[in-house]
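# Fold and geometry: a report
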Amino acid sequence: MHRFTFHRLWAVVMKEFIQMRRDRVTFGMMIGIPLLQLMLFGYAINSDPKHLPSALRLADQGPFTRTLVAEMQNSGYFDIVRITDSEAEVERLIRLGTVQFVVNIPDDFTRDVLRGERPAVLVEADATDPAATGPAIAALNAIAATAIDRDLTGPLRRLRGVPGAVSFEVHAHYNPENITQFNVVPGLMGVVLTMTMVIITALAITRERERGTMENLLATPVRPFEVMVGKILPYIAVGYVQVTLILIAAKFLFHVPMVGSIGLLYAISLLFIAANLAMGITFSTLAKNQLQAVQMAFFFFLPSILLSGFMFPFRGMPEWAQWVGTCLPLTHFLRIVRGILLKGNGMGEVMPEIWPIALFVAVSMAVGVKRYRQTLD
Amino acid sequence: MKTDFVIDVAGVTKRFGAKTVVNGIDLQVERGEIFGFLGPNGSGKTTFIRMLCGLLTPDGGSGTCLGHDILTEQPLIKREVGYMTQRFSYYEDMSIRENLDFIARIYAVPDREEAVQRSLEQLRLQNRSHQLAGELSGGWKQRLALAACLIHKPLLLLLDEPTAGVDPKARRGFWDEIHRLSTEGITVLVTTHYMDEAERCHRIACLAYGNLLVRGTVDEVVSSAGLATWSVAGPDLGTLVGALRGQAGVEQVVPFGNTIHVSGSDAASLEATLARLCAPGQEFTRTVSGLEDVFISLMDRAKDNFG
């Protein structure tokens, strides 16, 4: 009686296939998520970021300078995007994150080379993410050794050789000891918020629909906007608890420097939390059941964590991946958190990262409200 | 032009894709009336109710519910209607009191706490007020649902199969409550599958395939159907049931315990058939057609017309 029988097993297998086929979204996700992972892990991720935007501050215009700069570009790591002689400007560029490096060619560079004094070129790095700057900094030694060798001909030949005619001095700003946690822990704040906020709210309306309570809610005079905002508000409080927990851990467990204004960070967190909640609510109106809602949240979470610059250097990714990353609120929030905590950025510097998040909130809220129907039509 | 019709609609139609689910229904329900909707599953009862309370927009037709236009004033209707869904649709992870309190807040009921308390007492739920709705049995869930849709003192109650899965005693209690509400001037539109419940309504209407077939008091509906019914008693009725089916004049043969009921709209033809087929010892007597016989007969005829 209770022995294993193949036909009973087969009955269950067939039933599962029938149900799988009925739930198109789940079926699509089972195909879509591996494809997404392949694309992201296979193409987008690169732990050896090259072509890092760099500013050049020139105090010497000699031929060696030109050769050195050309060699740095040829290494593939440094793209000179700005040439200036203003210290204030390079300072600003690095705080904004517009450039990863500032290369300072000192006064009398050419003269010092000729004298065999191995003049030091100061390379300032935005080292908030050690992984982004590490390979480029490592490449500097090799560049130093041979960079201007082809200019050293004739009597200057004697200047060739190890350790090279020029040297580099690296100033790693904001995270001088290259402590990975200083970058990861503030970033984690954004990741945790994305993960929990999107999933929780994605379930919010789907659950009402699945349990049949939606019909009742629709029959009452409550307006869509009231439902959406009413569902979002409690989780904003939860989000703030999360932010506080992570900040406390960052301070006391990981000793992350907190240079900027915590008040500003709290204020901006509100926008970021809202962005994730709005996204979740929108998924909630799209999904037919709770499983689909969770899958959609996962579909959003995966690129968020991989393409935002949290796990892998943003600038290491191909251009298309950077575009995708730019559309995600986490990318901008990471820059804001790291900027405020590590760089001490103020409102002025974080502004360029705020409006994309605001735009994201507006768009996803609009889709959500539009999708939420007041009738069952 | 003020009428005392709480529901006054004409030609109400709803299509889902190519399928017409509700087909041009006209209906007037007076204040304080208990109006029953009978119809098989899928006959359009739920869809019609959803259109009355603003959950669905009709594709055709017009009319008013509580004096508000069903096409344009849905938000106003929602405020004054209590709608009890077919499936229990309150929050199972919230207690009875929490559910009532939530609904009372949504409707901005004045003196909310008092209203919740009153509603708990009225439906004798006060001893269970802290129990989670999900833990309640069918009868108690139904009681909670009724309490919740009454909390904002609606003028019209729309009850969609409110007693499905509820035991007879609880059902009786429920109907007593409905009649009490009716005497207070609340209008009730209720759908049901139970004939005994239909008989407790002031007026009923039968739906099939989205069409309203007949309406009136139970007696009017029964007599208008023109159905003749005989009751047969005696031995070996099982064989007779098989023999009668498909014979001239026989439309329904229904075993009723130790008797069978045979009905048809052509009384003379049916009587002749019975005389021919009844064995010695089997006695047939004319009886009053029941609402159920009439209902089944209506459905069969509707199938020929619309199905």
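Residues numbered from 1 in each chain as written. Chains lettered and ligands numbered in written order. Predicted model: local features only at pLDDT ≥ 70, side-chain atom pairs only at ≥ 80, totals over all residues.

### Re the overall build of chain B
Where we set the bar: A run of H or I in DSSP counts as a helix once it spans at least four residues, and a run of E counts as a strand once it spans at least two, with each numbered from the N terminus. As a rule, residues whose C-beta atom has 12 or fewer other C-beta atoms within 10 Å are exposed, those with 20 or more are buried, and those in between are partly exposed; C-beta atoms are placed from the backbone. Our contact criterion uses C-beta atoms placed from the backbone: two residues qualify when those atoms are within 7 Å.
Within chain B, the regular secondary structure consists of 11 helices and 14 strands. Looking at chain B as a whole, 42% of its 307 residues are labelled buried. A fraction of 69% describes how many contacts in chain B between residues 6 or more apart in sequence connect residues 24 or more apart.

### Description of the environment of Ala274 of chain A
All names here are of chain A. Assignment of secondary structure puts Ala274 in helix α10 (residues 262-286). Ala274 gets classed as buried once you count the C-beta atoms within 10 Å, which come to 23. Residues Ala274 and Gly325 lie 51 residues apart in sequence; the distance between their C-alpha atoms is 18 Å.

### So, the interface of chain A and chain B
Let me state the cut-off plainly: Only Asp, Glu, Lys and Arg are considered charged, only Ala, Val, Leu, Ile, Met, Phe, Trp, Tyr, Cys and Pro nonpolar, and every remaining residue, Gly among them, polar.
Between chain A and chain B, the residue contacts involve 13 residues of the former and 17 residues of the latter. Partitioning the side of chain A that touches chain B into residue classes produces five nonpolar, five polar and three charged.

### So, the domain arrangement of chain B
Heads up, the rule is: Domain extents, as shown, originate in an automatic or database domain assignment.
Domain assignment breaks chain B into domain 1 (5-222) and domain 2 (228-288). Distance from the C-alpha centre of domain 1 of chain B to the C-alpha centre of domain 2 of chain B: 39 Å.

### Observations concerning helix α1 (residues 45-52) of chain B
α1 of chain B sits mainly inside the fold: eight of its eight residues count as buried. Immediately beyond the C-terminal end of α1 of chain B, within one or two residues, lies Gly54 of chain B, with a positive phi of roughly 85°.

### Quick notes on the sheet that holds strand β12 (residues 252-256) of chain B
All names here are of chain B. Selection criterion: Strands are treated as partners if at least two bridges between them are detected by DSSP. Fitted lines through C-alpha atoms give the axes, limited to the stretch in contact for helices. The angle between two N-to-C directions lies from 0 to 180 degrees.
Ordered by their spatial adjacency, four strands build an open sheet running β12-β13-β11-β14, and the pairing between neighbours is antiparallel. The two strands at the open ends of the sheet, each matched to only one other strand, are β12 and β14 (283-287). In this sheet, adjacent strand axes meet at a mean angle of 25° when their direction is disregarded. In this sheet, β14 lies alongside strand β11 (residues 228-233) in antiparallel orientation, the contact comprising five bridges. Bridge assignment links Val232 to a residue of β14, and that residue is Phe284. Where helix α9 (residues 237-244) meets the sheet, it contacts β11, β12 and β13 (259-264), and its direction lies at approximately 15° from that of β13.

### Here we look at helix α10 (residues 267-277) of chain B
All names here are of chain B. The criterion, for reference: Our arc is simply the arc of the directions from the helix axis toward the C-beta atoms.
Buried within α10 we find Leu270, Thr273 and Leu274. Looking straight down α10, one finds that the buried residues subtend no more than 100° of arc, so they occupy a single side. Exposed residues pointing more than 90 degrees away from the buried face of α10 are listed as Ala268, Ala275 and Arg276. As for α10, its buried residues are in contact with β11, β13 and β14.

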